[in-house]
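Residues per chain, in single letters:
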Amino acid sequence: MDIDSLRQAIRDFTKERDWGHFHSPKNLAIAVSVEAAELLEVFQWLTPEQSDALPVDLLDEAKDEIGDVLICLLNLCNRLGLDPVQVAADKFEKVKKKYPIDKAKGLTLKYSKF
């Protein structure tokens, strides 16, 4: 399934359940945050090394939560009339300008600290 098909499936799912009136941009933005927090729970207390080598059960949990985050984001894009791929591409161009290779390579500094 490609992203456009997934977006349509989410629209259909929401419409069939008459949930659209619950899906204000505010509520969907909150849902993104809640689902992202649930993703964080998967990694809580793991070392960086452990997080790089998740056992199958934790990987499955991470996949479910990543799916939830993406569904909420796509729902928000649907509601706001935004193309999520274009939104991400536009932001990526901004990030590349903020973090030029000659200043950012190998560093974790925020762009404003260069």
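The coordinates are above.
Residues numbered from 1 in each chain as written. Predicted model: local features only at pLDDT ≥ 70, side-chain atom pairs only at ≥ 80, totals over all residues. Heavy atoms only, no water.

## Describing the overall build of the protein chain
The helix and strand inventory of the protein chain stands at six helices and zero strands. In the protein chain, the order of α-helices and β-strands from amino to carboxyl end is α-α-α-α-α-α. Relative to the globule expectation of 13 Å for 114 residues, the C-alpha radius of gyration of the protein chain, 17 Å, shows a markedly less compact shape. Taking the principal axes of its C-alpha atoms as reference, the protein chain extends roughly 50 × 35 × 25 Å. (Helix = DSSP H or I, 4+ residues; strand = E, 2+ residues; numbered from the N terminus. Rg over C-alpha atoms; globule rule 2.2 N^0.38 Å.)

## Observations concerning the pattern of salt bridges
According to the stated counting rule, one finds three salt bridges in the structure shown. Here R17 and E16 are joined by a salt bridge, their closest N and O atoms 3.4 Å apart. What makes R17 partly exposed here is its relative accessible area of 36%. The closest approach of N and O atoms between K96 and E93, which form a salt bridge, is 3.0 Å. In this pair, K96 and E93 both sit in helix α5 (residues 84-98), three residues apart, roughly one turn of the helix. Its relative accessible area of 42% is what places K96 among the partly exposed residues. (Salt bridge = Lys/Arg side-chain N within 4 Å of Asp/Glu carboxyl O. Buried < 20%, exposed > 50% of the residue type's maximum accessible area, 1.4 Å probe, protein only.)

## A closer look at α5
If you check α5, its first and last C-alpha atoms are 21 Å apart, about what 15 residues at 1.5 Å a residue would give, namely 21 Å. N-capping of α5 is provided by D83, with a side-chain oxygen placed 3.0 Å from the backbone N of V85. (Expected span 1.5 Å × (residues − 1). Polar contact = N/O pair within 3.5 Å; in protein donor to acceptor, adjacent residues only side chain to side chain.)

## Considerations on the side chain of N75
Relative to the helices and strands, N75 is located in helix α4 (residues 56-80). Overall, N75 belongs to the buried group, its relative accessible area being 12%. When near neighbours in sequence (up to four residues on either side) are disregarded, N75 contacts I10, T14, H23 and L28. (Contact = heavy atoms within 4.5 Å.)

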